[in-house]
Amino acid sequence: MRDSKRLLSIFRALSETRQQALLEYAEFLAEKEGGEIAAAPPSEPLPIPRPEQENVVKAIQRLMQTYPMLERNRIFHEASAQMTRHLIHGVAAAEAIDELERIFMRQYQDHLEALKQDPLSP
């Protein structure tokens, strides 16, 4: 119960913009927690274009949809780090999103390499 009080206290101390960002991030985490398992994800990234105006949470969601073949747990730590850089350290959303795109692409390249070594692995 202490954690929820602490979270509420932190939330109330944030600006309205950061409160909204924190809510969106919490929704992202809740969605991840209830994660749906797809039957057979596509082997190629889906062509989902990057909108001109996009926040970091929406970018993570878009990239998760673009790369459904990737293991979410492997990306989650790095994606969370970018969210922290944006929310806590004030890094611009565009810069954090650019880095997220590089992270997802690198993870996809690693995924392809793993498939070459063991074509039976998911």
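The shown structure was predicted, so the numbers you read here are calculated from the model rather than taken from an experiment.

Draft legend 1. Highlighting the overall build of the chain. The helix and strand inventory of the chain stands at 5 helices and 0 strands. For the chain, the sequential pattern of α-helices and β-strands runs α-α-α-α-α. Looking at the chain as a whole, 27% of its 122 residues qualify as buried. Contacts in the chain between residues at least 24 apart in sequence constitute 67% of all its contacts with a sequence separation of at least 6. Accessible surface for the chain amounts to roughly 8700 Å². Of this, 54% is attributable to carbon and sulfur atoms.

Draft legend 2. Focus on the side chain of Arg 62. Inspection of the secondary structure puts Arg 62 in helix α3 (residues 56-66). In terms of polar contacts, Arg 62 uses its side chain to reach the side chain of Glu 54, at 2.8 Å. Beyond its immediate stretch of four places on either side in the chain, Arg 62 contacts Ile 48, Pro 49, Arg 50, Pro 51, Glu 54, Ile 97 and Glu 101.

Draft legend 3. Examining helix α5 (residues 93-117) more closely. With 25 residues, α5 ought to run about 36 Å at 1.5 Å a step, and its terminal C-alpha atoms sit 36 Å apart, in line with that. Among the residues making up α5, those that are buried are Ala 96, Ile 97, Leu 100, Ile 103, Phe 104, Gln 107, Tyr 108 and His 111.

Draft legend 4. Representation of helix α1 (residues 2-13) in the model. Compared with an ideal rise of 1.5 Å per residue, which puts 12 residues at 16 Å, α1 spans 17 Å between its outermost C-alpha atoms and is within 8% of the ideal. Where burial is concerned, little of α1 is hidden: 0 out of the 12 residues are buried.

Draft legend 5. View of the pattern of salt bridges. Throughout the structure, instances matching the rule amount to 8 salt bridges. The residue Arg 50 makes a salt bridge to Asp 98 at a minimum N-O spacing of 2.7 Å. One end of the pair, Arg 50, is in the loop between α2 (16-33) and α3; the other, Asp 98, is in helix α5, with 48 residues separating them in the sequence. The partly exposed category is assigned to Arg 50, whose relative accessible area is 34%.

Reading the values: rules and limits
Residues numbered from 1 in each chain as written. Predicted model: local features only at pLDDT ≥ 70, side-chain atom pairs only at ≥ 80, totals over all residues. Heavy atoms only, no water. Helix = DSSP H or I, 4+ residues; strand = E, 2+ residues; numbered from the N terminus. Buried < 20%, exposed > 50% of the residue type's maximum accessible area, 1.4 Å probe, protein only. Contact = heavy atoms within 4.5 Å. Areas by Shrake-Rupley, 256 points an atom, 1.4 Å probe, with all protein chains shown as cover. Polar contact = N/O pair within 3.5 Å; in protein donor to acceptor, adjacent residues only side chain to side chain. Expected span 1.5 Å × (residues − 1). Salt bridge = Lys/Arg side-chain N within 4 Å of Asp/Glu carboxyl O.

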